[in-house]
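Each chain, written out:
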Amino acid sequence: MEDRELIRRIQNGQTEYLNTIAQRYYDDIYYFCCYQTGNREDSYDLAQDTFLRFIRYIDRYQYRNLKGYLLTIAMNLCREYLRQSAALSEREIAPDQTKSAAKTAMASLKADRVDALENAIMLSEALMQLPEIQREAVLLHHFYGYKNREIARMTGASYSAVKSRIRQGLEKLSRLLTRSDFKV
């Protein structure tokens, strides 16, 4: 069933279709939150909050692009999360301890999976070093396949600003990942 039909039915009181939407888009929302925050545990909560907020305002939703709408909600929740965590950053565990724990866990994996995991961690670490607006644009464009105009609508930025953010973000990612001293 198409998203438009699901929304119409939910707005008409058939709330059992909310599960269909959640099943269809939960993984995308969760992974987006992971890339935005760098925290898997909190990303579960942010993904859940995304769907809760969607449910709360479903009567006001006018269909355009459901996945984009959900990603916009997730993006706003991630921004809020990052602002709050920046204020509490002094109380968190030191990054070296987190990196050490990740390296210990990697040592126990099979050799063929270690390279892929290291690359994923390096990419995640590099993404977290990008400014928030560049990271969002790069993720939405390259990981989720949205066009620049769609990203502009989702973020409220101009088309040229989105294009510039993606270009600058990719350039910075490239520099970070090719640096010889860049370590996880």
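Residues numbered from 1 in each chain as written. Predicted model: local features only at pLDDT ≥ 70, side-chain atom pairs only at ≥ 80, totals over all residues. Heavy atoms only, no water.

J.: For this particular structure, what's the right way to read the nonpolar core?
T.: If you look at soluble globular proteins, the nonpolar side chains tend to sit buried side by side. Among the nonpolar cores identified, the biggest contains 46 residues, and Ile-21 and Phe-54 are the most heavily contacted of them. Ranked by the residues each element gives to this core, the list is headed by helix H4 (residues 66–87), at ten residues. Here Phe-54 is in contact with Ile-7, Leu-18, Ile-21, Tyr-61, Leu-66, Tyr-69, Leu-70 and Ile-73, once residues within four sequence places are set aside. (Core = buried A, V, L, I, M, F, W, Y, C linked by side-chain atoms within 4.5 Å. Buried < 20%, exposed > 50% of the residue type's maximum accessible area, 1.4 Å probe, protein only. Helix = DSSP H or I, 4+ residues; strand = E, 2+ residues; numbered from the N terminus. Contact = heavy atoms within 4.5 Å.)

J.: What's the story with helix H7 (residues 132–143) in this structure? I'm lost.
T.: The periodicity of an α-helix, 3.6 residues per turn, causes residues three or four positions apart to be oriented the same way. Relative to the 16 Å expected for twelve residues at 1.5 Å per residue, H7 spans 15 Å between its end C-alpha atoms, a close match to the ideal helical length. Restricting attention to buried positions, one finds in H7 the residues Gln-134, Arg-135, Glu-136, Ala-137, Val-138, Leu-139 and Leu-140. (Expected span 1.5 Å × (residues − 1).)

J.: What's the story with the packing of helix H2 (residues 18–37) against helix H3 (residues 40–56) in this structure? I'm lost.
T.: With their axes 8 Å apart at the nearest point, H2 and H3 run at an angle of 135° to one another. Relative to H3, H2 is oriented oblique. For the pair H2 and H3, the sense of crossing is right-handed. Between H2 and H3, the contacting residues are Leu-18, Ile-21, Ala-22, Tyr-25, Tyr-26, Ile-29, Tyr-30, Cys-33, Cys-34 and Thr-37 on the first element and Arg-40, Ser-43, Tyr-44, Leu-46, Ala-47, Gln-48, Thr-50, Phe-51, Phe-54 and Ile-55 on the second. Of the residues that constitute the contact of H2 with H3, the class distribution is 15 nonpolar, four polar and one charged. (Axes fitted to C-alpha atoms, helices over the stretch in contact; angles between N-to-C directions. Parallel < 35°, antiparallel > 145°, perpendicular 65-115°, else oblique. Left-handed = near helix turned anticlockwise from the far one by under 90°. Nonpolar A, V, L, I, M, F, W, Y, C, P; charged D, E, K, R; others polar.)

J.: Just to check I follow, could you spell out the side chain of Thr-50 for this structure?
T.: Following the sequence through the fold, Thr-50 ends up in helix H3. Those residues in contact with Thr-50 that sit more than four places away from it in its chain are Ile-29, Leu-70, Ile-73, Ala-74 and Leu-77.

J.: Would you mind showing me how to read the layout of surface pockets here?
T.: In this approach, a probe sized like a water molecule rolls over the atoms, and the result shows the empty space that is left. Considering only enclosed or pocket space, the second largest pocket measures out at about 220 Å³ in volume. The wall of the second largest pocket is formed by Tyr-61, Arg-64, Asn-65, Gly-68, Tyr-69, Thr-72, Glu-150, Arg-153 and Met-154. For the lining of the second largest pocket, the secondary structure elements donating two or more residues are H4 and helix H8 (148–155). Among the residues making up the lining of the second largest pocket, the classes are represented as three nonpolar, three polar and three charged. (1 Å grid on protein atoms, 1.4 Å probe; cavity = no way out; pocket = protein on both sides within 12 Å on 5 of 7 lines; lining within 4 Å. Points joined across faces, edges and corners; volume = space filled by probe spheres on them.)

J.: Can you walk me through the side chain of Asp-3 in this structure?
T.: Positionally, Asp-3 belongs in helix H1 (residues 3–11). You can call Asp-3 buried: its relative accessible area is 9%.

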